[in-house]
Amino acid sequence: MRVLVFSDIHANLAALEAVLQDAGAVEAYWFLGDLVGYGPDPNECVERIRTLPNLTAVLGNHDAAVIGAMPLGWFNRAARRGVQWTREQLSPENLAFLSQLPEIRQHDDVTLLHGSPRAPITEYLLTSEEAADAFAVLPTDFCFVGHTHHPAWWQEEDGVVSDRAPRGGEVWTLTPRAILNPGSVGQPRDGNPRAAYAFYDTVAHTWEWRRVAYDVSAVQARMRQYGLPERNILRLALGR
Ligand code: ZN
């Protein structure tokens, strides 16, 4: 089964549409959390995601904050304003959709979550040491995460965890055990402003990182129109 694996849309509809169009036909959608927060289109993004066939989605920390399941003090000022603005915008139906998202889902040998197996919506996996702690409590051969907005790949072999630099343009065959991050659709932070996602094949265990350009300046203009924080507007063009 060919799966689109994606994370951290952050209410950026233009980036989401670019990813869905670039990906073309897939058999399932696995979304790793943070559907809203930062961007100008929270309702449109939730509605677009809700209609995708064979969707599996988990809760992100921004989603949790918007539904009141996480304290706002956890966030910096700009993120907090985004959360508060989003809460005011969302329709009751879309808030209800976010409220029913689980923190962890499992498909056979793959665990899906936003942050880490130890703390599914809050912990960032950035280093091999953090990944090693994650492998220690991971119940499956593979784990797909988001949250850092950085494409990533950690491989565990004979108890040793190595950081394999993610590269686009190639199709990788995964072997147990591995933790992968597809990168962020709506707010990449790896210095590349193009929307990030990945393909995963559940039978062949292949993985492919992808990037696609979208109209960043149009999204920035809409964020300014809504008075969203300048810091979050500027970073979209930088991919930071
Ligand atoms: Zn995020």
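Nothing here was measured: the structure is a model prediction, and the numbers come from that model. (Residues numbered from 1 in each chain as written. Predicted model: local features only at pLDDT ≥ 70, side-chain atom pairs only at ≥ 80, totals over all residues. Heavy atoms only, no water.)

A.B. asks: How do you make sense of unusual backbone geometry when you look at a structure like this?
C.D. replies: Phi is mostly negative for residues that are not glycine, and the peptide bonds are mostly trans. Looking along the chain, the bond that leaves P176 and enters R177 is cis, with omega of -10 degrees. Positive phi is not limited to glycine here, since N54 has a value of about 50 degrees. Along the chain, N54 falls in the loop between α2 (42-50) and β3 (55-57). We classify N54 as exposed; its relative accessible area is 55%. Backbone geometry places D108, a non-glycine residue, at a positive phi of 50 degrees. If you trace the backbone, D108 turns up in the loop between β4 (104-107) and β5 (110-113). (Helix = DSSP H or I, 4+ residues; strand = E, 2+ residues; numbered from the N terminus. Buried < 20%, exposed > 50% of the residue type's maximum accessible area, 1.4 Å probe, protein only.)

A.B. asks: How do you make sense of the packing of α2 against helix α5 (residues 92-99) when you look at a structure like this?
C.D. replies: Between two packed helices, what matters for the description is the angle formed by their axes and the separation of those axes. Running from amino to carboxyl end, α2 crosses α5 at an angle of 60 degrees, the nearest separation of the two axes being 10 Å. Judged on the interaxial angle alone, α5 and α2 are oblique. In this structure, the crossing between α2 and α5 has a hand that is left-handed. Judged by residue contacts, N43, V46, E47, I49 and R50 of α2 engage E93, N94, F97 and L98 from α5. (Axes fitted to C-alpha atoms, helices over the stretch in contact; angles between N-to-C directions. Parallel < 35°, antiparallel > 145°, perpendicular 65-115°, else oblique. Left-handed = near helix turned anticlockwise from the far one by under 90°. Contact = heavy atoms within 4.5 Å.)

A.B. asks: When you look at the coordination of the zinc ion in this model, what are you seeing that I'm missing?
C.D. replies: Ideal geometry at a metal centre: 109.5 degrees between donors when four sit tetrahedrally, and 90 or 180 degrees when six sit octahedrally. Summarising the metal site, the zinc ion is bound by the protein donors D8 (OD), H10 (NE2), D34 (OD) and H149 (NE2), whose distances to it range over 2.1 to 2.4 Å. Because the angles between the 4 donor atoms bound to the zinc ion fall within 84 to 176 degrees, the donor set is best described as irregular. Taken in chain order, the donor set of the zinc ion reads D-x1-H-x23-D-x114-H. Just as D8 is buried, H10 falls in that class too. (Donors = N, O, S within 2.8 Å, 3.2 Å for Na, K, Ca; no water. Tetrahedral: all angles 85-135°; square planar, octahedral: opposite > 155°, others 65-115°.)

A.B. asks: Could you clarify how one ought to interpret the pattern of salt bridges in this entry?
C.D. replies: Any two side chains of opposite charge can pair, given that their charged atoms come close. This structure, assessed with the given rule, holds 11 salt bridges. Between R224 and E230 there is a salt bridge; the shortest N-O distance is 2.8 Å. Counted as one network, the salt bridges with shared partners bring together D22, E208 and R210. (Salt bridge = Lys/Arg side-chain N within 4 Å of Asp/Glu carboxyl O.)

A.B. asks: Where do I start with the packing of aromatic side chains in this structure?
C.D. replies: By convention here, two paired aromatic rings are described through the distance between centres and the angle between planes. Scanning the model with the defined rule gives 14 aromatic pairs in all. On the numbers, 6.5 Å between centres and 55 degrees between planes, the contact of Y200 with W207 is tilted. Assigned by exposure class, Y200 and W207 land together as buried. An aromatic cluster is present here, built from W30, F144, W153, W172, Y200, W207 and W209 joined pairwise through their rings. When the ring centre of F199 is taken as reference, the NZ or CZ atom of R2 above it lies at 3.8 Å. One cation-aromatic arrangement involves R235 over Y38; the distance from NZ or CZ to the ring centre is 5.9 Å. (Phe/Tyr/Trp six-rings, centres within 6.5 Å; stacked < 30°, edge-to-face > 60°. Lys NZ or Arg CZ within 6 Å of the ring centre and 35° of its normal.)

Function cannot be inferred from these measures alone, as they are strictly geometric.
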